[in-house]
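The primary structure of each chain is shown beneath.
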Amino acid sequence: MESVLKAHRGGESVLDLSPRWTVGGGVEDVYGEDCATEDQLVTPWTVSVASGYSLLRDPHHNKGLAFNEKERDAHYLRGLLPPAIISQELQEKKLMHSLRQYDLPLHKYMAIMELEERNERLFYKLLIDNVEELLPVVYTPTVGEACQKYGSIFRRPQGLYISLKEKGKILEVLRNWPQRTIQVIVVTDGERILGLGDLGCQGMGIPVGKLALYTALGGVRPSGCLPITIDVGTNNEQLLNDEFYIGLKQKRVTGKEYYDFLHEFMTAVKQNYGEKVLIQFEDFANHNAFELLARYGTTHLVFNDDIQGTASVVLAGLVASLKLLGGTLADHRFLFFGAGEAGTGIAELIAIEMSKQSKIPLEETRKMIWLVDSKGLIVNSRKESLQHFKKPWAHEHVPVHNLLDAVKAIKPTALIGTSGVGKTFTKEVVEAIASFNQKPLIMALSNPTSQSECTAEEAYTWTEGRAIFASGSPFNPVEFNGKRFVPGQANNAYIFPGLGFGLVISGAIRVHDDMLLAASEALAGQVRDEHCDKGMIYPPFSNIRKISAHIAANVAAKAYELGLATRLPRPADLVKYAESCMYTPSYRSYR
Ligand SMILES: O=C([O-])CC(=O)C(=O)O
Ligand SMILES: [Mg+2]
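Residues numbered from 1 in each chain as written. Chains lettered and ligands numbered in written order. Predicted model: local features only at pLDDT ≥ 70, side-chain atom pairs only at ≥ 80, totals over all residues. Heavy atoms only, no water.

Basically, it comes down to this: UniProt positions are given in the numbering used here, feature names are shortened, and annotations may be inferred rather than shown by experiment.
An unreviewed UniProt entry annotates the chain as Malic enzyme of Sesamum indicum. Under Function (unreviewed entry), UniProt gives the following word-for-word description of the chain: "The chloroplastic ME isoform decarboxylates malate shuttled from neighboring mesophyll cells. The CO(2) released is then refixed by ribulose-bisphosphate carboxylase. This pathway eliminates the photorespiratory loss of CO(2) that occurs in most plants." Comment text from UniProt for the chain, heading Sequence similarities (unreviewed entry), reads "Belongs to the malic enzymes family."

In structure tokens form, the structure reads like this:
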């Protein structure tokens, strides 16, 4: 940070920090730091910013035309800006207007990412104030396309690239990053980006997008966020043959070499940032995702979003859907299409919650949940050949070779798509589940939209408006027979920002399954009757910061209860505390 912030032309300027603790007074960032990492507290009055030309090119401090006369004088900005002075609100209005001029989502993505590189606070203000409109731009589905084309749209690095070339030097690489006090890392190795497969080094769009949501939706300050892409090669032939590919042009390393490299990374992170930095694993291939969680779950603060975040968000939707369906979880029968990270992760969390609620042993509640993979229903006779994470789901049944037959045989009340393969909930499949359920629950969770198992329109039409539907990527509301249906977005974006923030503000040192249940419970608690009336089993994203504060508070409370929190004493009102710690993007004033 120092080199960026060094005084320019001898004109060192100091952030004006009075009045303290007032919204818009410019101290939220520091307060956030105070809340979360008091042991690394920086004294705010020593923070200095560059002046003049460098200030305009420093996205963390630049305000563009919002610099007032006094600031323009004090910071050598005269002549470097046109004379108009406009408010942040007017800047926002102007930018939203120009973003809406783009027809192509990818162009919107590029424009908004350029804004992040130019003026970080304005970027977050746009994102926070227009979350429902901009989420599909910075996140799924557009981020998927951005990753596919990352090589050609890549401008400036927005995170750290750690490739095999850095073997033995990962600690040094971490120290090249300008920020020292990191609270959340999102890391991918690019092997399974959404449902799009191996995108190698171009997966960087995912950690960047997820961390933008950590700040906008969860309130973690931007300087505490670090996106990382680990490049161990790619097996994507198209990328390997692309002269513009930005990653290592070699096949992925596997086995011992892979795990040794990841171990060096995990060790270096803990050494550099301490044990309270959250490491979120994102979009790793199944085999590595489960293995990394098992290896580091007991020694590091780690969380796998695809296994655990998705599980928590889906469980919340299921609990909320009981308001419409009636009964308890144990009264339902679940069939998953897809038995990877999301499918088995969700299945296990449902089984845990059912077992807690109904006092039925976990081995029994698992039997109410069935999974189908590419070879058909997971049944006992296949047990020997199954990957270990599928084994708990091998129940006694005759072999069934496809999804349609599995739906007919199991007669589920809820059908959940986690396959990563689009268009697999065909008309026949949807009609089959609708034939024995008054209100079939259908979740098409695969991302981006192209990989969705079915569309919202298909789900409502094929069930004659009876389905309760949610999807991983957003769909617009659907009119059917004069009624308007609003599909929910069952995306882990509801959970990880609040969950991570709860871990940060409590100084948690481990993630525990009960915290996932706590997050899920808090989210389900935010679903109101007025949402259910429209068929929604999730609250609208427009309230996400309030939702995240509740999730963070519930997670932090669990961390304290389990003795895993290190920030003492425990704040009495955790919701208020979470809210008070959240980053807000208003400009700070400079002396
Ligand atoms: O990124 C998303 O939209 C949800 C997610 O984790 C995935 O699909 O891998
Ligand atoms: Mg993911």
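The discussion continues.
**A short note on the packing of aromatic side chains**
We count it as follows: Paired rings are identified among Phe, Tyr and Trp, the last through its six-membered ring, by centres lying within 6.5 Å, and are further divided according to the angle between planes into stacked (under 30 degrees), edge-to-face (over 60) and tilted (the rest). To qualify as a helix, a DSSP run of H or I must reach at least 4 residues; to qualify as a strand, a run of E must reach at least 2; elements of each kind are numbered from the N terminus. Partly exposed describes any residue whose relative accessible area lies between the buried limit of under 20% and the exposed limit of over 50%, with all areas from a 1.4 Å probe on protein chains only and scaled to the type maximum.
Per the stated rule, a full pass over the model turns up twelve aromatic pairs. Ring centres of F290 and F389 lie 4.3 Å apart, and the angle between their planes is 15°; this geometry places the pair in the stacked category. Here F389 lies in the loop between strand 10 (376–377) and helix 19 (403–410) and F290 lies in helix 15 (residues 286–296), a separation of 99 residues in the sequence. For F290, a relative accessible area of 14% puts it in the buried group. Judged by centre distance (6.3 Å) and plane angle (55°), the rings of F469 and F475 are tilted.

**Side note on empty space enclosed by the protein**
Taking a probe equal in size to a water molecule and rolling it over the atoms shows the remaining empty space. Rules: With a 1 Å grid spanning the protein atoms alone, the term cavity applies to any set of points in which a 1.4 Å probe fits but cannot get out, the term pocket to an open set with protein on both sides within 12 Å along at least five of seven lines, and the term lining residue to any residue with an atom within 4 Å of a point. Grid points are joined across faces, edges and corners, and a volume is the space filled by probe spheres set on the points. Note on residue classes: Ala, Val, Leu, Ile, Met, Phe, Trp, Tyr, Cys and Pro are nonpolar, Asp, Glu, Lys and Arg are charged, and everything else, Gly too, is polar.
Taken as a whole and assessed by the stated rule, the structure comprises four cavities of 30 Å³ or more. If you trace the largest cavity, you find it lined by Y109, M110, M113, E114, E117, Y150, I153, F154, R155, R156 and Q158. At five residues, helix 6 (residues 105–118) tops the list of elements feeding residues into the lining of the largest cavity. Each residue belonging to the lining of the largest cavity can be placed in one class, and the counts come to six nonpolar, one polar and four charged.

**Concerning the environment of E348**
Selection criterion: Contacts were defined at the residue level, with two residues in contact if any of their heavy atoms lie within 4.5 Å.
Mapped onto the elements of the fold, E348 is located in helix 17 (residues 341–358). Since its relative accessible area comes to 23%, E348 is described here as partly exposed. In sequence terms E348 and L315 are 33 residues apart; their C-alpha atoms lie 10 Å from each other. Setting aside chain neighbours within four positions, we find E348 in contact with L362, R366 and W393.

**A few points about the site of ligand 1**
The cut-off we apply is this: In these notes, residues near a molecule or strand are those with any non-hydrogen atom within 4 Å of it. Under the rule applied, a polar contact is a pair of N or O atoms within 3.5 Å (in protein, one hydrogen donor and one hydrogen acceptor; residues adjacent in sequence only if both atoms are side-chain atoms). The Shrake-Rupley method, run with a 1.4 Å probe sphere, supplies the accessible areas, and residue values consider only the shown protein chains as cover. More than half of a molecule's atoms within 2 Å of the grid points is what it takes for that molecule to sit in a cavity or pocket.
In the vicinity of ligand 1, the contacting residues are Y139, T140, R192, L194, K210, E282, D283, D305, D306, N447, N491 and N492. Contact distances for ligand 1 include 2.8 Å between an oxygen atom and a side-chain N or O atom of N447. N491 has a polar side-chain atom sitting 2.8 Å from an oxygen atom of ligand 1. Relative to its free-state accessible area of 270 Å², ligand 1 is covered by the protein chains to the extent of 93%. Among the detected pockets, ligand 1 sits in the largest pocket.

**Points about the domain arrangement of the chain**
Note the cut-off: Domain extents, as shown, originate in an automatic or database domain assignment. Joining two parts hides part of their accessible area as seen by a 1.4 Å probe, and the buried area is that hidden amount summed over both.
Under the domain assignment used here, the chain contains domain 1 (46–86), domain 2 (143–304), domain 3 (309–490) and domain 4 (494–525 + 548–581). Put simply, the middle of domain 3 and the middle of domain 4, counted by C-alpha atoms, are 28 Å apart. The partner domain 4 presents ten residues to the twelve residues of domain 3 that form the contact. Regarding the contact of domain 3 and domain 4, the summed buried area is about 910 Å², with carbon and sulfur atoms giving 68% of it. When residues of domain 3 are sorted by the area they lose upon contact with domain 4, S312, A316 and L349 head the list and together hold 40% of the total.

**Observations regarding the coordination of the magnesium ion (ligand 2)**
Quick note on the threshold: For Na, K and Ca the donor cut-off is 3.2 Å, while for other metals it is 2.8 Å, and in both cases only N, O and S atoms qualify; water is not among them, so sites may look incomplete.
For the magnesium ion (ligand 2), every protein donor is listed as E282 (OE), D283 (OD) and D306 (OD), and the spread of their distances is 2.0 to 2.1 Å. Mapping the donors of the magnesium ion (ligand 2) onto the primary sequence yields the spacing E-D-x22-D. Separated by 23 residues along the polypeptide, D283 in the loop between strand 6 (278–281) and helix 15 and D306 in helix 16 (residues 305–325) bring together distant segments of the chain. A relative accessible area of 1% means that D283 is categorised as buried. For D306, a relative accessible area of 7% puts it in the buried group.

**Looking at the side chain of N447**
The topology assignment puts N447 in the loop between strand 12 (441–444) and helix 21 (456–462). Looking at N447, the relative accessible area reads 16%, which means it is buried. Engagement of the side chain of N447 in a polar contact is seen with the side chain of S473, the distance being 2.6 Å. Residues contacting N447, with those up to four places away along its chain left out, are T140, L194, G195, G472, S473 and N491.

**Section: the UniProt feature "domain: Malic enzyme N-terminal" (unreviewed entry) in the chain**
When the UniProt feature table is mapped onto this chain, "domain: Malic enzyme N-terminal" (unreviewed entry) is found at residues 116–297. As annotated, residues 116–297 comprises 48% helix and 11% strand, and the C-alpha atoms at either end are separated by 33 Å.

**Describing the layout of surface pockets**
Counted as a void, the largest pocket has a volume near 890 Å³. R192, N286, T418, S419 and G420 are the residues nearest the centre of the largest pocket, which is lined by 44 residues in total. Of all elements in the fold, only helix 15, helix 16, helix 17 and strand 9 (369–373) reach the threshold of two or more residues within the lining of the largest pocket. The biggest single contributor to the lining of the largest pocket is helix 17, with three residues. The class makeup of the residues in the lining of the largest pocket is 13 nonpolar, 21 polar and ten charged. Two domains each put at least three residues into the lining of the largest pocket: domain 2 (143–304) and domain 3 (309–490).

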